[in-house]
Amino acid sequence: MKSMLKDHVAVGGVVMMLGFALASCDKAPPSSPPKDPTVSVTATVETVAMQDADDAADDPAIWIDAEDPSRSVIIGTNKKRGLGVYGLDGQELSFRADGRMNNVDVRQNVTIGAMMLDVVVATNRTDQTLAVYAFERAARALRPLLSIPSTFGDPYGICLYHSKTGELYVFANDSDSGTYGQWRLFSPDGTAIQAEKLRTFSPGSQAEGCSADDQNGTLFVSEEDVGIWAYGAEPKDGDTRVGVDTVAGGHLTADSEGISLVDEGNGAGYVIASSQGSNSYNVYDRAPPYAFRGAFVIGDGATIDGVAETDGLDVSAANLSPAFPGGVFVAQDGFNVDGPGHKTAHQNFKLVPWEAIRAALKLPRPPATAAENKADFKG
Ligand code: CA
Ligand code: CA
Ligand code: CA
Ligand code: CA
Ligand code: CA
Ligand code: CA
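Residues numbered from 1 in each chain as written. Chains lettered and ligands numbered in written order. Predicted model: local features only at pLDDT ≥ 70, side-chain atom pairs only at ≥ 80, totals over all residues. Heavy atoms only, no water.

Engineer: I'd like to hear about the coordination of the calcium ion (ligand 5), residue by residue, with values.
Structural biologist: Every protein donor of the calcium ion (ligand 5) is accounted for by Asp 305 (OD), Gly 306 (O), Asp 333 (OD), Asp 333 (OD) and Phe 335 (O), and the metal-donor separations fall at 2.3 to 3.1 Å. Spacing between the donor residues of the calcium ion (ligand 5) along their common chain follows D-G-x26-D-x1-F. One end of the pair, Gly 306, is in the loop between strand 24 (292–299) and strand 25 (313–316); the other, Asp 333, is in strand 26 (residues 328–333), with 27 residues separating them in the sequence. Comparing Gly 306 with Asp 333, the two get one shared label, buried. (Donors = N, O, S within 2.8 Å, 3.2 Å for Na, K, Ca; no water. Helix = DSSP H or I, 4+ residues; strand = E, 2+ residues; numbered from the N terminus. Buried < 20%, exposed > 50% of the residue type's maximum accessible area, 1.4 Å probe, protein only.)

Set out below in structure tokens:
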């Protein structure tokens, strides 16, 4: 059955969802209107399209070049073949065809043994491992460090947690059961990295997106048909969890998909989640009681198309001048069209200035000291 793309029409800053068919996007899926009024923003950059057709792009991670923020990159999964590295202009800088990489995350300036590393992890569904890389600044490319046997039939979501005590942990889960594991990365001899599994917990059904709040020691987990949970991120934190939002009666429309913390420094910041079934994104406070702060969509711009059916997303408030001085929000687009004819193209990632989202939702300014403190290089 052919479906219609809902046209986003801004009325007084609020977007009404109208059922106009847009022929150029006739592969877009049926979707529900967002449950809440949404504001609309547009992408200013899109990455080059995937090499593969259909559902190939999935999840991004943002790496920041502290010395030259304009050299910062988006690391994106192509779940049919590997990991791409894209500049802030959307061009591909390097690619590793290491397997069917599903999700990806990054933490910078991590000390493991005698090494200071920018660590990238990805779930490799080809060999059921958690692939661990170092991100090399000069080359803007990934260097393999180790592959952790996941013990899962199909490793799916993944995210990193860099604790206040300096430990680096990997969270990853199994697609079918949703069960998560937590591994610690360490180096007994200072140079070789090992992983030890310290914890297992299960949201209850299929989950994928996760994101850790390093400052607060919180792990946000997106359970696709159910909603968003906040778990403790420490290995001893067990099964205790707090609900952030729900599909049933809450602000989410299934699937509850990609999720990411945006750290604005000094305790300020938000959690952003893809409400995939309504082609929109929800914004919550990063701290309890995780108040809902609004929803937005990414509509069609003059040259770059809007975003639908987002799987993974990432967001950073770091100053990435000149293109993204207030930070950047990156989302996978399930239905990319390219060129003047808006021809159906392979999937890609869209980049939206974080400042535009902040302004559209009228989010309060972070504390002044936080603005100076945006050099929090978290993915
Ligand atoms: Ca998808
Ligand atoms: Ca990610
Ligand atoms: Ca999913
Ligand atoms: Ca996915
Ligand atoms: Ca699109
Ligand atoms: Ca496009």
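Engineer: Account for the coordination of the calcium ion (ligand 4), with residues named and values stated.
Structural biologist: Perfect tetrahedral coordination of a metal by four donors corresponds to 109.5 degrees between them, and perfect octahedral coordination by six donors corresponds to 90 or 180 degrees. Those donors, Asp 58 (OD), Asp 58 (OD), Glu 208 (OE) and Glu 208 (OE), are the protein atoms that reach the calcium ion (ligand 4), and they lie 2.2 to 2.7 Å from it. Separation of the calcium ion (ligand 4) from the calcium ion (ligand 1) amounts to 5.8 Å. Placement of Asp 58 in strand 5 (residues 57–63) and of Glu 208 in strand 17 (residues 207–213) is noted, with a sequence separation of 150 residues between them. In this structure, Asp 58 and Glu 208 share a single accessibility class: buried.

Engineer: Describe in detail the environment of Phe 186, supporting the description with residues and values.
Structural biologist: Position of Phe 186 among the secondary structure elements: in strand 15 (residues 180–186). With 19 residues separating them along the chain, Phe 186 and Glu 167 place their C-alpha atoms 8.0 Å apart. With residues near it in sequence (within four places) discarded, Phe 186 still touches Ile 112, Ala 192, Ile 193, Gln 194, Ala 195 and Glu 196. (Contact = heavy atoms within 4.5 Å.)

Engineer: Summarise the sheet that holds strand 18 (residues 218–223); cite the residues concerned and give the values.
Structural biologist: Reading across the sheet, the four strands line up as 17-18-19-20 and stay open at both edges, with antiparallel pairing between neighbours. On the outer flanks of this sheet lie strand 17 and strand 20 (241–246), each paired with one strand and no other. For this sheet, the mean angle separating the axes of adjacent strands, direction not counted, is 20°. One ladder, built from five bridges, connects strand 19 (residues 227–232) with strand 20; its direction is antiparallel. When the sheet's bridge partners are listed, Tyr 231 is paired in strand 20 with Arg 241. (Pairing = 2+ DSSP bridges. Axes fitted to C-alpha atoms, helices over the stretch in contact; angles between N-to-C directions.)

Engineer: So what's going on with the nonpolar core? Which residues, and what values?
Structural biologist: Within the largest apolar cluster, 22 residues are counted, with the highest numbers of intra-cluster contacts made by Ile 272, Tyr 281, Phe 296, Ile 298, Phe 329, Trp 354 and Ile 357. Broken down by element, this core gets its largest block of residues, three residues, from helix 1 (residues 354–361). (Core = buried A, V, L, I, M, F, W, Y, C linked by side-chain atoms within 4.5 Å.)

Engineer: Account for empty space enclosed by the protein, naming residues and giving values.
Structural biologist: In the structure shown here, the tally under the stated rule is two cavities of 30 Å³ or more. Each pocket or cavity is described by its volume, and for the largest cavity that value is around 180 Å³. Lining the largest cavity we find 26 residues, and of these Asp 59, Val 104, Cys 210, Ile 259 and Leu 313 sit closest to its centre. Where the lining of the largest cavity is concerned, the elements lending two or more residues are strand 5, strand 9 (101–112), strand 13 (155–162), strand 17, strand 21 (256–265) and strand 25. Along the lines of polarity and charge, the residues of the lining of the largest cavity split into 10 nonpolar, seven polar and nine charged. (1 Å grid on protein atoms, 1.4 Å probe; cavity = no way out; pocket = protein on both sides within 12 Å on 5 of 7 lines; lining within 4 Å. Points joined across faces, edges and corners; volume = space filled by probe spheres on them. Nonpolar A, V, L, I, M, F, W, Y, C, P; charged D, E, K, R; others polar.)

Engineer: Just give me the short version of the sheet that holds strand 4 (residues 45–46), but keep the residues and values in it.
Structural biologist: One open sheet accounts for four strands, arranged 4-29-26-25; its pairing is antiparallel. Two strands bound the open sheet, and with one partner strand each, they are strand 4 and strand 25. Pairing geometry for strand 26 and strand 29 (residues 348–353), over six bridges, is antiparallel. Residue pairing for strand 29: Phe 329 is matched across the bridge by Val 352. Where helix 1 meets the sheet, it contacts strand 25, strand 26 and strand 29, and its direction lies at approximately 60° from that of strand 29.

Engineer: For the pattern of salt bridges, give the residues involved together with the corresponding values.
Structural biologist: For the structure shown, the criterion picks out 23 salt bridges. With its nearest N and O atoms 2.7 Å apart, the salt bridge here joins Asp 58 to Lys 79. Taken together, the residues span a long stretch of sequence, with Asp 58 in strand 5 and Lys 79 in the loop between strand 6 (73–78) and strand 7 (82–87) at a distance of 21 residues. Each member of the pair Asp 58 and Lys 79 is classed as buried. (Salt bridge = Lys/Arg side-chain N within 4 Å of Asp/Glu carboxyl O.)

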